Amino acid sequence: MSPTGGEASFFDQFIEDYYSECDEHLATARRVLLALEGSAADGSPAPPMHELLRSLHTLKGLSGMVGDACAEQVSHALEDAVRGIELAGGRPAPAALDALFAGVDGLQRCVAAHRLGEAGPDVDALVATIAGLAPRATPADARSASDTRTVAEALGREESTVVYRFEFVPSAELSGRGVGVDAVRARLRAVGTLLDAKPRVFAGGVVFDFLVAARAGVQPDAAWAADGLRWSLEGELARPAADDAPVAPSADAPAAPASPPTAATGVSGASVVRVDLGRLDDVMRLVGDLVVSRSRLEDALRGAASADQSALLDVLADTNAAMERQLRQLREGVMRIRLVPVGEVFERLRFAARDAIRESGKQVRLVFHGQSTEIDKVVVDRMLEPLLHLVRNAVSHGIEGPTERVARGKAPEGTLSLRATASGDRIRIVVEDDGAGIDVDRVVQRAREHGLALPEEALTDEQLLAVLCEPGFSTRDEADRTSGRGVGMDVVRSAVRALSGELAMETVDGRGTAFTIELPLTLMILDALLVDVGGQQMAVPQPALREIVQVETASIVTFENNAVVRYRDGVLPIVHLARLFGFAEAPASRCYLLVVGTEAAPMGLRVDRLIGLREIVVHPVADRLVAMPGVAGATDLGSGRVSLILDTAALLRMAEEQRDERAAARLAAPPSRHSSGART
Amino acid sequence: MRTILVVDDSPTMRRMIMAALRELGDVAFDQAGSGLEAIERLAVSPVDLVVLDLNMPDVHGLEVLRFVRSHERFRSLPVVVLTTRSDDQSRRAALDEGATRYLTKPFQPAALAPEIRSLLDVA
């Protein structure tokens, strides 16, 4: 059944919830499948399937509601297949595992297509393959499959174990304090492994009984007694014997006879908060307003300093200092809510890499570093696709096949590493392979065939990257299936730039290639340098600044239509901001240059005066009529006057394009389908 | 004012159910995301009707139903099972355990409210 007109609009209000829940369940499915594959590889016990089944079941139900027939069909087939596999012992054959991976991938594509308003992919063949995997389980089987664990399974047969019996008596009062059965269960999971959880009617009310196995020495928190919890030591288990009898629930078993299945699920739900991003943005805006208020207070203080009210002044100054500290803490606290570990994305990359590796027939080891590095949820979501491109590229083009590697004196197995590190307000993600490196000659040859103007001398890594990022550029005659190389790099670069990030590359012939993505940790509040440009106040994000130099205006010379100044061992191209934005140009003997860009390609932004460092709140300029290139947004500095925030990445890009255009004009290049002016 | 307890492990599904039932007018909602939580909600606050999913973490919907029906206090409480399981066997099992109605997902939002209204009027 698919929704008709009226229903479609009814479900429209839930569509974002649907996608967000799909993301969660797909992540669970990927995690369990990878664990399943890992256990098959190293012979460890297969992970329990109940979590996977539940995710697939929920996906099926939700997809049916919103009319995503493609996702409904695939999740249905997957659920049946996994149930069959579970009944058959929980160890799928390699071919079956492949089909499950393909199924989850297909499911993801269905959801993605629905999100883009496109027709779903053709999944008939996929569904048929999945349906052919295992005998179908009957609904009755489905219910009997228990996910209760034994003590031995739960604790890995190593150490001695104690089993606690907990009793929780819920009440409206406790519930009002947020102490409910789910919260209690989360607490108990922190103590050990939940073996059993059952309700029981007692004196007209309900009592929940929990059995928890914990390592010897682990004690429940005495303060829990105030939260309706009582407990006793149920027993002690020494190192379990070989037959590992499950711990039987004790004699006064409650009314519900069948097994209420409960098990530790790895990630504790209690540590995960699902918050609507819109609400978080509201809080961030509120913080922004507070920042503005404090700026006003500071201005008032400055004004009051002239009057002789020193005592009052002291108090105000103290308040101001305290507010500054509190605001910073609040800002950091709220920002932390938005942050998620980058490891979540890495796991999804592992999943994608797995397919690419299998298809390529190569041996590739994936290494992750810094998974706990945190990054804004919005930033991380938008980085997934570009990172997928880089990973697939590295597998299908960077890393050589085993024979070729051995011939080059390398280990047959290649290494693809993903590293995330945070420094200050930026996060850096490096995707590095130890493959063949980029074939520069081939890139140059293809670039010339495409009509791109290139210098005669050897290309720097940066120039090479610029060529690779030309829209539609490819070193392959036909984009191959896995990476679609050539359609990828421009997408990668524009996604990174859209997030105010920077993409860099380093490649060494025969040794490998590393792509570095630098991104802001979050996007809303920045430390910025305020400057005066032609009488207008502008803000420059501090992380973008490399250096500030003061120069004599007379030392700025024009060279090939570019204003430049001597800088270190070379020259520094200059962008005259007042001229760029059409502000009045104040004649002065000295000016300041804000050096931005990379070490290899720096650029100086000419400003008249430095005002000082300030914490600014970024308001994006959404109105297309007001938006102008080189401006990232606007900020209210408390004076009620709006100052523009410079987008240094865009300024660099504009300067680079102007240079390219001038160079192209000079060289009278061959007819070009890919002129730099066509870039966006 | 009547209170409806909506039990489903998917928060999105709960929101969909509540939105479809909002047209009943004078109703309040309570929610539970698991079988245990459903039993807790029943124990700590008055509920006039339960909309119950079957496949849930920890305690299965049928076990919630069995628990509810085995206690005097809840014996006449209307429990509407709302599940993706459309097979006869599941339907029979739920009705045997004392489900008042057995409805399947995907549901028509416009059709759900009248079903529930008829039960609330009787209760």
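Residues numbered from 1 in each chain as written. Chains lettered and ligands numbered in written order. Predicted model: local features only at pLDDT ≥ 70, side-chain atom pairs only at ≥ 80, totals over all residues.

## Here we look at the overall build of chain B
Phase 1 of the analysis: Counting its regular elements, chain B contains 5 helices and 5 strands.
Phase 2 of the analysis: Taken from N to C terminus, the helices and strands of chain B fall in the order β-α-β-α-β-α-β-α-β-α.
Phase 3 of the analysis: A sequence separation of at least 24 residues applies to 61% of the contacts in chain B between residues at least 6 apart. (Helix = DSSP H or I, 4+ residues; strand = E, 2+ residues; numbered from the N terminus. Contact = placed C-beta atoms within 7 Å.)

## Points about the overall build of chain A
Phase 1 of the analysis: A tally of helices and strands in chain A yields 20 helices and 22 strands.
Phase 2 of the analysis: Here chain A holds 680 residues, and the buried ones make up 37% of them.
Phase 3 of the analysis: Sequence separation of 24 or more characterises 69% of the internal contacts of chain A that already satisfy a separation of 6 or more. (Buried ≥ 20, exposed ≤ 12 C-beta atoms within 10 Å, placed from the backbone.)

## Describing the interface of chain A and chain B
Phase 1 of the analysis: Listed by partner, the interface residues are 39 residues for chain A and 35 residues for chain B.
Phase 2 of the analysis: Among the secondary structure elements, those contributing two or more residues to the side of chain A that touches chain B are helix H1 (5–12), helix H2 (15–42), helix H3 (50–66), helix H7 (139–144), helix H9 (172–176), helix H10 (181–191), strand S2 (193–202) and strand S3 (205–215) of chain A.
Phase 3 of the analysis: A total of 8 residues in the side of chain A that touches chain B trace back to one element, the largest contributor, which is H3 of chain A.
Phase 4 of the analysis: Taken together, the residues that form the side of chain A that touches chain B break down as 21 nonpolar, 11 polar and 7 charged. (Nonpolar A, V, L, I, M, F, W, Y, C, P; charged D, E, K, R; others polar.)

## Description of the environment of Val123 of chain A
Residue and element names in this part refer to chain A.
Phase 1 of the analysis: Turning to its location among the elements, Val123 is positioned in the loop between helix H5 (94–115) and helix H6 (124–131).
Phase 2 of the analysis: Each C-alpha atom, one on Val123 and one on Ala71, is 9.2 Å from the other, the two residues being 52 residues apart in sequence.
Phase 3 of the analysis: With residues up to four places along the chain from it excluded, the contact list for Val123 reads Cys70, Gln73, Val74, Gly106 and Cys110.

## Structural notes on unusual backbone geometry
Phase 1 of the analysis: The residue after Lys105 of chain B, namely Pro106 of chain B, is reached through a cis peptide bond having omega -5°.
Phase 2 of the analysis: The residue Pro106 of chain B is located in the loop between strand S5 (101–104) and helix H5 (109–122) in this model.

## As for the packing of helix H2 (residues 35–44) of chain B against helix H3 (residues 61–69) of chain B
Residues and elements named next belong to chain B.
Phase 1 of the analysis: Contact geometry for H2 and H3: axes closest at 9 Å, N-to-C directions at 25°. Taken together, the axes of H2 and H3 are roughly parallel relative to one another. Between H2 and H3 the crossing geometry is right-handed. Of H3, the residues touching H2 (which contributes Gly35, Ala38, Ile39 and Leu42) are Gly61, Glu63, Val64, Phe67 and Val68.
Phase 2 of the analysis: When the residues that make up the contact of H2 with H3 are grouped by side-chain class, the tally is 6 nonpolar, 2 polar and 1 charged. (Axes fitted to C-alpha atoms, helices over the stretch in contact; angles between N-to-C directions. Parallel < 35°, antiparallel > 145°, perpendicular 65-115°, else oblique. Left-handed = near helix turned anticlockwise from the far one by under 90°.)

## A look at the confidence of the model for chain A
All names here are of chain A.
Phase 1 of the analysis: Taken residue by residue, chain A gives an average pLDDT of 78. The fraction at 70 or more is 80%.
Phase 2 of the analysis: Highest mean pLDDT in chain A belongs to strand S19 (residues 602–607) (93); lowest belongs to H7 (42).
Phase 3 of the analysis: In this model residues 137–158 is a low-confidence stretch, pLDDT under 50, and it forms 53 contacts with partners more than four residues away in sequence or in other chains. (pLDDT = per-residue confidence, 0-100.)

## Remarks on the sheet that holds strand S10 (residues 502–508) of chain A
Residues and elements named next belong to chain A.
Phase 1 of the analysis: The sheet built from 5 strands is open, its strands ordered S6-S8-S9-S11-S10 with mixed pairing. The sheet is open, and its two edges are formed by strand S6 (364–369) and S10, each paired on a single side. For this sheet, the mean inter-axis angle between neighbouring strands, taken without regard to orientation, is 10°.
Phase 2 of the analysis: Lying on the sheet, helix H14 (residues 377–398) is in contact with S6, strand S8 (414–423), strand S9 (426–433) and strand S11 (512–520); it crosses S9 at an angle near 20°. (Pairing = 2+ DSSP bridges.)

## Quick word on helix H4 (residues 69–87) of chain A
Residue and element names in this part refer to chain A.
Phase 1 of the analysis: With 19 residues, H4 extends 27 Å between its outermost C-alpha atoms, agreeing within 8% with the 27 Å of an ideal straight helix rising 1.5 Å per residue.
Phase 2 of the analysis: Within H4, 16 of the 19 residues are buried, which leaves it mostly tucked inside the rest of the structure.
Phase 3 of the analysis: Gly89, located one to two residues past H4, shows a positive phi value of around 115°. (Expected span 1.5 Å × (residues − 1).)

## Some remarks on the nonpolar core
In summary, soluble globular proteins display a tendency toward joint burial of nonpolar side chains.
Phase 1 of the analysis: Membership of the largest hydrophobic core comes to 94 residues, with the highest contact counts inside it found for Val212 of chain A together with Leu52 of chain B.
Phase 2 of the analysis: Val342, Ala394, Ala447 and Val492 of chain A belong to the second-largest nonpolar core, a separate cluster that totals 47 residues. (Core = buried A, V, L, I, M, F, W, Y, C linked by C-beta atoms within 7 Å.)

## Brief notes about the packing of H2 of chain A against H3 of chain A
All names here are of chain A.
Phase 1 of the analysis: At a minimum axis separation of 9 Å, H2 and H3 run at an interaxial angle of 155°. Of the possible angle classes, the one that applies to H2 and H3 is roughly antiparallel. Where H2 crosses over H3, the two elements pack in a sense that is left-handed. In this structure, H2 contributes Ile15, Tyr18, Glu21, Cys22, His25, Thr28, Ala29 and Val32 to the contact, and H3 contributes Glu51, Leu52, Ser55, Leu56, Thr58, Leu59, Leu62 and Val66.
Phase 2 of the analysis: Its residues placed into classes, the contact of H2 with H3 shows 10 nonpolar, 4 polar and 2 charged.

## Brief notes about the sheet that holds strand S14 (residues 547–552) of chain A
Residues and elements named next belong to chain A.
Phase 1 of the analysis: Read across the sheet, 6 strands follow the order S14-S18-S19-S17-S16-S15 without closing on themselves; strand pairing throughout is mixed. If you trace the sheet from one side to the other, it starts and ends with S14 and strand S15 (557–559), each paired once. Strand-to-strand, the axes of this sheet are offset by a mean angle of 45°, without reference to chain direction.
Phase 2 of the analysis: Where strand S18 (residues 590–597) lies against S19, 6 bridges are found, and the strand directions are antiparallel.

## Examining the pairing of S19 of chain A
Residues and elements named next belong to chain A.
Phase 1 of the analysis: Judged by how many residues are buried, S19 sits mostly within the fold: 5 of 6 residues are covered.
Phase 2 of the analysis: Bridging between strand S17 (residues 570–576) and S19 involves 3 bridges; their strand directions are parallel. Paired with Val575 across the two strands is Leu605, which belongs to S19.
Phase 3 of the analysis: Connecting the antiparallel pair S18 and S19 is a turn made up of 4 residues.

## Examining the pairing of S10 of chain A
Residues and elements named next belong to chain A.
Phase 1 of the analysis: Two strands pair when backbone bridges link them, and S10 and S11 are joined in this way by 7 bridges, in the antiparallel orientation. Residue Ala504 lies in a different strand from S11, and its bridge partner there is Thr516.
Phase 2 of the analysis: Taking the residues between adjacent antiparallel strands as the criterion, S10 and S11 are bridged by 3 residues, where Gly510 takes a positive phi near 80°.

## Observations concerning the confidence of the model for chain B
Residue and element names in this part refer to chain B.
Phase 1 of the analysis: Averaged over every residue, the pLDDT of chain B is 90; the share at 70 or more is 98%.
Phase 2 of the analysis: Confidence, read as mean pLDDT per element, is least for H5 in chain B (87) and greatest for strand S3 (residues 49–52) (96).
Phase 3 of the analysis: Among the prediction metrics, the complex's ipTM stands at 0.87, with pTM recorded as 0.54.

## A word on the environment of Gly435 of chain A
Phase 1 of the analysis: Along the chain, the position of Gly435 of chain A falls in the loop between S9 and helix H16 (440–449).
Phase 2 of the analysis: The residues contacting Gly435 of chain A, other than those within four sequence positions of it, are Ala394, Gly398, Ile399, Glu400, Gly414, Gly512 and Thr513 of chain A.

## A look at the environment of Ala69 of chain A
Phase 1 of the analysis: Looking at the element boundaries, Ala69 of chain A is found in helix H4.
Phase 2 of the analysis: Each C-alpha atom, one on Ala69 of chain A and one on Cys110 of chain A, is 8.7 Å from the other, the two residues being 41 residues apart in sequence.

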